[in-house]
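# Commentary on secondary and tertiary structure
The chain contents come next:
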Amino acid sequence: QVQLVESGGGLVQAGGSLRLSCTASGSAFGRMGWFRQTPGNEREFVAAIGWSGGGANYADSVKGRFTISRDFAANTVYLQMNGLKPEDAGVYYCALGDQASSYWPFEYKHWGQGTQVTVSS
């Protein structure tokens, strides 16, 4: 049974940075993604990375500002978020899919509990 635990959320001013972490227990073989959700909205794709650490892709809204990376030794995926904007706020979830998972939430089978990101303007 895979369990995912996110951390690193918090309150930051616009233009600031945060680094989110997602540590997996159990076998986390597959593509790892980050999604975010705000009240009343669907969970939306932010970024994903392949099992090998390659094949990263990003939502257009975060390209050039966010970076996803993977540390195999620590069984952890990171999301470095720079240049944060108020519209980046929300609950951020990490998720584990299979190697073909792309940007749809239904493609990911395992989810963390989420970590809140708040960006003040």
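Everything below is about the structure printed above this text.
The structure reproduced in this document is the subject of the present report.

Parameters at a glance
- Residues numbered from 1 in each chain as written.
- Predicted model: local features only at pLDDT ≥ 70, side-chain atom pairs only at ≥ 80, totals over all residues.
- Heavy atoms only, no water.
- Phe/Tyr/Trp six-rings, centres within 6.5 Å; stacked < 30°, edge-to-face > 60°.
- Lys NZ or Arg CZ within 6 Å of the ring centre and 35° of its normal.
- Salt bridge = Lys/Arg side-chain N within 4 Å of Asp/Glu carboxyl O.
- Patch = residues over 30% accessible without salt bridge, like charges linked within 9 Å, V, L, I, M, F, W, Y side chains within 5 Å.
- Areas by Shrake-Rupley, 256 points an atom, 1.4 Å probe, with all protein chains shown as cover.
- Helix = DSSP H or I, 4+ residues; strand = E, 2+ residues; numbered from the N terminus.
- Buried < 20%, exposed > 50% of the residue type's maximum accessible area, 1.4 Å probe, protein only.

Right, let's talk about the packing of aromatic side chains for a bit. If you walk through the whole model with that rule in mind, you get ten aromatic pairs. These aromatic residues form a ring-pair network of at least three members: Phe 35, Phe 45, Tyr 93, Tyr 103, Trp 104, Phe 106, Tyr 108 and Trp 111. In this structure, Arg 43 is placed above the aromatic ring of Tyr 93, and the distance from its NZ or CZ to the ring centre is 3.7 Å. Positioned above the aromatic ring of Trp 111, the side-chain terminus of Arg 43 is 4.7 Å from the ring centre.

This brings us to the pattern of salt bridges. Inspection of the entire model under this criterion finds four salt bridges. The structure contains a network of salt bridges with shared partners spanning Arg 36, Glu 44, Arg 65 and Asp 88.

Residues Phe 29, Trp 51 and Phe 72 make up a contiguous nonpolar surface patch of roughly 330 Å² in combined accessible area. Relative to the elements of secondary structure, Phe 72 occurs in the loop between β7 (66–71) and β8 (76–81). Judged by relative accessible area, Phe 72 falls into the partly exposed class, the value being 44%.

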